[in-house]
Amino acid sequence: MIAPILRDLSALRTQTAAWRKAGESIGVVPTMGALHQGHLSLARAARATCDRVIITIFVNPKQFNNPDDLKNYPRTEEDDARKLESIGVDLVYAPDADQIYPDGFATNVSVSGLTDMLCGASRPGHFDGVATVVSKLFLQTSADQAFFGEKDYQQLQIVRRMARDLDIPITVVGCPTIREEDGLAMSSRNLLLSDRSRTKAPIFAEVMNDVREQLINGAAMSDIQDAAKERILAGGYNEIDYFELRDGTALSLLDRPKSGARLFGAAWLAGVRLIDNIAI
């Protein structure tokens, strides 16, 4: 059975209030649609631990600093609803824009520190848009748990800090990155790659895994970073935003791995920006 799609906040709150009255727990998976197996793994994680599951689909204009990126972002709502059918999602919340940003909306949620590097450095204002919409979705759904993929690891850390700092009573759960058979991290943006570009895409993850092994075997990031970037570019990528080793909590820059460290990368392939990260 395809889950009902609600677009109005009052309808959503009527439903969640009934679940609350029945003593049922609520899990939410915030998305921008164009669902893939990574999203579906989050839905399954929510289904396994919560009585009720809400998937939100909202292409948030506030987290796009490039109008063309917003315009071209894939929108596949009907297909998304069908993909969720077998998981047993209770409802899809796909709000109209005025349910998130009503006339006169004037509030911005900003998380300092964690947003200054990595994707935050190359996408000014992006994480303010993320923190603002996610805080609203947390409050609108009144969920007990929220499920996010580790592919967007910086986002995961920012959302955790935001919820903690604002005392939003929700547990933010990080779930493992889901990958294609060739190692490419699943992403809605992968749909924008041409067949030719798609064949080049896996070199990104391949290099990251090789660098991981070098770091584990004692290499310093400063000694192998440039060669890794050159290899990605030689494999067909056009530009690299960053390729860095960082602490897994504070996201501070590292030269050698320590407990919880992660390798982060972002690069452009044929006009599509892809990101990835792996634990060291």
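This text follows the structure it describes.
Since we're looking at a predicted model, the values are computed, not measured.

One way to put it is that helix α10 (residues 203–216) packs onto helix α11 (residues 221–234) with a least axis distance of 10 Å and a crossing angle of 160°. Here α10 is positioned roughly antiparallel relative to α11, judged by the angle of their axes. By crossing handedness, the relation of α10 to α11 is classed as right-handed. Listed contacts from α11 to I203, F204, E206, V207, D210, V211, Q214 and L215 of α10 are M221, I224, A228, R231 and I232. Classifying every residue of the contact of α10 with α11 gives nine nonpolar, one polar and three charged.

Taking strand neighbours across the sheet as the criterion, the six strands line up as β1-β4-β3-β2-β5-β6 in an open arrangement whose pairing is parallel. Each having just a single partner strand, β1 (5–6) and β6 (171–175) make up the two edges of the open sheet. Here strand β3 (residues 52–57) pairs with strand β4 (residues 91–93) via three bridges, running parallel. Its bridge partner lying in β4, I54 is registered against L91. On top of the sheet, helix α2 (residues 37–49) reaches β2 (26–31), β3, β5 (145–149) and β6; it is set at about 155° to β5, its chief contact.

About the cut-offs
Per chain, the residues get numbers from 1 upward, laid out in the order the sequence is written. Predicted model: local features are reported for residues with pLDDT of at least 70 only, side-chain atom pairs are reported and counted for 80 or more only, and whole-chain, interface and lining totals are derived from all residues. Calculated side-chain values reflect all of the structure's heavy atoms, with hydrogen atoms and water omitted. In this analysis, axes come from line fits to C-alpha atoms, helices being fitted only over the stretch in contact, and the angle between any two N-to-C directions falls in the range 0 to 180 degrees. Counting from the N terminus, the helices are DSSP H or I runs at least four residues long and the strands are E runs at least two residues long. Roughly parallel here means an angle under 35 degrees, roughly antiparallel means over 145, roughly perpendicular means 65 to 115, and every remaining angle is called oblique. Note on convention: the crossing is left-handed when the near helix lies turned anticlockwise from the far helix by less than a right angle, right-handed when the turn is clockwise. Working rule for contacts: check all heavy atoms of both residues, and any pair within 4.5 Å makes them a contact. Polarity classes work like this: nonpolar for Ala, Val, Leu, Ile, Met, Phe, Trp, Tyr, Cys and Pro, charged for Asp, Glu, Lys and Arg, and polar for all others, with Gly in that last group. Paired strands, as defined in this entry, are two strands with at least two bridges between them according to DSSP.

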